[in-house]
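Overview (structure and organization)
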Amino acid sequence: MSQYPALRMRRRRQAPWMRAMLTEHRLHPSDFIWPLFICEGEGEEQPITALRGVSRWSIDKLVEQVKMARDAGIPCVALFPNTPEDKRTEDEALNPDNLICRAVKAIKDAVPEIGVMTDVALDPYTPHGHDGVLAADGSVDNDATIALLTQQAVVQARAGADIVAPSDMMDGRIGAIRNALEENGHTNTAIMAYAAKYASSLYGPFREAVGSGDRLKGDKKGYQMNPANGDEAMAEVELDIAEGADFVMVKPGLLYLDVVARVSDTFDTPVFAYMTSGEYAMIEETAAAGAGDRDTMLMEALTAFKRAGATGILSYHALEVARKLR
Ligand code: PBG
C-alpha cells in the first residue's frame, strides 16, 4: 500500500505550513560561537580585505560587539589576536597582559553573561606563523610546543577564559593542558579540542586577519590532518576525548560534514564545527558575483551543519544570523 500512487512524498511538501510542520532541523541563536579578531589601539575597526564584512576590533570596540552578541542570544565568543609586529615572540603567548588576556578581562568585566573561548596555539605569536616552536630540522617540535601551550592555556584561564581551545594539533596536548588546568585550580575551565583539524586550503582569510599568512613558511601538513582521511579523524577525536576534552571540533566544517556526522553518530561528546574563513568567503564571493542569493545560501549552509549533527557552529556570520533568527 505504501507505494506510488497511494504514497506521494510531494503530499508532504504541498504548502508552507506543511513544510514548516515537518522541518527536521532548525537553527537557533544558541547554536553559535562567534569568532572575533582583536587588534591593539582604541576606537579601531580594521576591515579584513579577504573577509568581506568582518573586521578586527580594538578591545573597547570589541566589548560593544560582544554586547550585541549577548543581546542576540549568542552564548559564546571565540577570540583571535592580531599581535603587533614587535611582539611576535613565543614569550608573548605567555604574557598575562597580552592582547587576548586583556580582551578576556574586558569582556568578563563588561559582559559576564557570555562565554569566552580563547585560542591555544602559537601562530599569532611566532615569527614564522607555525602553531608551535620549530626544531632544528624546521619541523614543529611536538613536546617543546606542548610545554608552552600548557602555560598559555593556564594564562588564558587565569585571565578569565571559560573555554580554552587548542587549535594546534600537537599529540598529547589535551591531556597535558587538562593536567595543568587542574594543578592551577582551573577545574571549571573547559577544553574545546580542535580534534580533527585539517591542513586545509580554506584558512587563507583567517591568516590575513591574524597576520600570520605572509609569515608562514611551508605548510602545516606535518601536524594538521590530510584532507583525504576520515578514519583518522575518528582516532583523533577518540584520543582527545580520552585525554579530557569537554567538546571536540571538526574544522573546516562545510567540506567535512561527513566527518561531523560520523563523530556525532559515534561519540556522546558535543561536537562543534567551524565554518572557516574560506567557507565564509565562498558564500560571500559567490553572492558578490551575482551567482546566488546570499541569505538563502547562508541559511542553507548553516542548516547543513545541524543536519549533520553538529551541536554548534563557529561562524563569522553568527551575529547577523542570530539577530535574524530572533
Ligand atoms: C590557527 C588557526 C587557524 C584557524 C583557526 N585557528 C588557521 C591555521 O591553522 O592556519 C582558521 C580559522 C579560519 O580559517 O576561519 N591556530
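Thresholds, definitions, all that
- Residues numbered from 1 in each chain as written.
- Predicted model: local features only at pLDDT ≥ 70, side-chain atom pairs only at ≥ 80, totals over all residues.
- Heavy atoms only, no water.
- Helix = DSSP H or I, 4+ residues; strand = E, 2+ residues; numbered from the N terminus.
- Rg over C-alpha atoms; globule rule 2.2 N^0.38 Å.
- Buried < 20%, exposed > 50% of the residue type's maximum accessible area, 1.4 Å probe, protein only.
- Contact = heavy atoms within 4.5 Å.
- Near = heavy atom within 4 Å.
- Polar contact = N/O pair within 3.5 Å; in protein donor to acceptor, adjacent residues only side chain to side chain.
- Nonpolar A, V, L, I, M, F, W, Y, C, P; charged D, E, K, R; others polar.
- Core = buried A, V, L, I, M, F, W, Y, C linked by side-chain atoms within 4.5 Å.
- Patch = residues over 30% accessible without salt bridge, like charges linked within 9 Å, V, L, I, M, F, W, Y side chains within 5 Å.
- Areas by Shrake-Rupley, 256 points an atom, 1.4 Å probe, with all protein chains shown as cover.
- Salt bridge = Lys/Arg side-chain N within 4 Å of Asp/Glu carboxyl O.
- Expected span 1.5 Å × (residues − 1).
- Phe/Tyr/Trp six-rings, centres within 6.5 Å; stacked < 30°, edge-to-face > 60°.

Helix and strand counts for the chain come out as twelve helices and ten strands. Its C-alpha atoms give the chain a radius of gyration of 20 Å, near enough to 20 Å, the size a compact globule of 326 residues would have. C-alpha extents for the chain along the principal axes are approximately 70 × 45 × 40 Å. The buried share of the chain, taken over its 326 residues, is 55%. Restricting to contacts in the chain with at least 6 residues of sequence separation, those with at least 24 account for 74%.

Here the focus is the site of the ligand. Around the ligand sit 17 residues in total, of which R207, K220, K251, S277 and Y316 are the nearest. For the ligand, a nitrogen atom lies 2.8 Å from a polar atom in the side chain of D123. One nitrogen or oxygen atom from the side chain of D131 is found 3.2 Å from a nitrogen atom belonging to the ligand. Of the residues contributing to the shell around the ligand, the split by class is six nonpolar, four polar and seven charged.

So, on to unusual backbone geometry. Across residues other than glycine, the phi torsion is negative in most instances, and most of the peptide bonds are trans. Look at the link from Y4 to P5: it is a cis peptide, with omega at 10°. Cis peptide bonds are those with omega within 30 degrees of zero, and the linkage from K251 to P252 qualifies with -10°. The topology assignment puts P252 in the loop between β8 (247-251) and α9 (257-266). With a phi angle near 70°, M169 is a residue other than glycine that sits in the positive phi range. Within the secondary structure, M169 sits in the loop between β6 (163-166) and α6 (173-183). By relative accessible area, which is 5% here, M169 ends up buried.

Core analysis: the largest hydrophobic core is formed by 83 residues, its most contacted members being L62, V77, L79, I107, V263 and L302. Ranked by residues supplied to this core, first place goes to helix α5 (residues 142-159) with eight residues. In contact with L79, other than residues within four places in its own chain, are L36, I38, L62, I100, A103, V104, I107, V116, M117, T118 and D119. Core analysis: the second largest hydrophobic core is formed by 24 residues, F37, V54, A78 and F206 among them.

This part covers a nonpolar patch on the surface. Taken together, the side chains of W17, M21 and L22 define a hydrophobic patch exposed on the protein surface, amounting to about 360 Å² of accessible area. Mapping M21 onto the fold places it in helix α1 (residues 16-21).

Before going further, it helps to spend a moment on helix α11 (residues 294-308). Between its first and last C-alpha, α11 extends 21 Å over 15 residues, near the 21 Å set by a 1.5 Å rise per residue. If you check which residues of α11 are buried, you get L298, A301, L302, A304, F305, K306 and A308. Packing partners of the buried residues in α11 comprise β1 (32-38), α9, β9 (271-274), α10 (277-288), β10 (312-314) and α12 (318-325).

Take the pattern of salt bridges next. Scanning the model with the defined rule gives 18 salt bridges in all. Measuring nitrogen to oxygen at the nearest pair gives 3.2 Å for the salt bridge that ties D240 to R173. A residue pair is termed long-range when its members are at least 10 positions apart, and D240 in helix α8 (residues 231-243) and R173 in helix α6 qualify at 67 residues. Take D240 and R173: they sit in the same class, and that class is buried. The residue E320 makes a salt bridge to R294 at a minimum N-O spacing of 2.7 Å. Placement of E320 in helix α12 and of R294 in helix α11 is noted, with a sequence separation of 26 residues between them. The structure contains a network of salt bridges with shared partners spanning E284, R294, D295, E320 and K324.

Tracing the chain through its elements places P227 in the loop between α7 (204-210) and α8. Placed 30 residues apart in sequence, P227 and K197 show a C-alpha to C-alpha distance of 9.1 Å. For P227, the contacting residues outside a window of four places in its chain are Y198, A199 and Y256.

Across all of its chains, the model carries nine aromatic pairs by this definition. Ring centres 6.4 Å apart and planes at 45° place the aromatic pair Y194 and Y274 in the tilted group. With Y194 in strand β7 (residues 190-197) and Y274 in strand β9, the pair connects residues that are 80 residues apart, well separated along the chain. Overall, the relative accessible area of 2% leaves Y194 in the buried class. Residue classification places Y274 among the buried residues on the basis of a relative accessible area of 1%. Geometrically, the ring pair formed by Y274 and Y316 is tilted, given 6.0 Å between the ring centres and 55° between the ring planes.

Remember that the coordinates give geometry; whether it matters functionally is a separate question.
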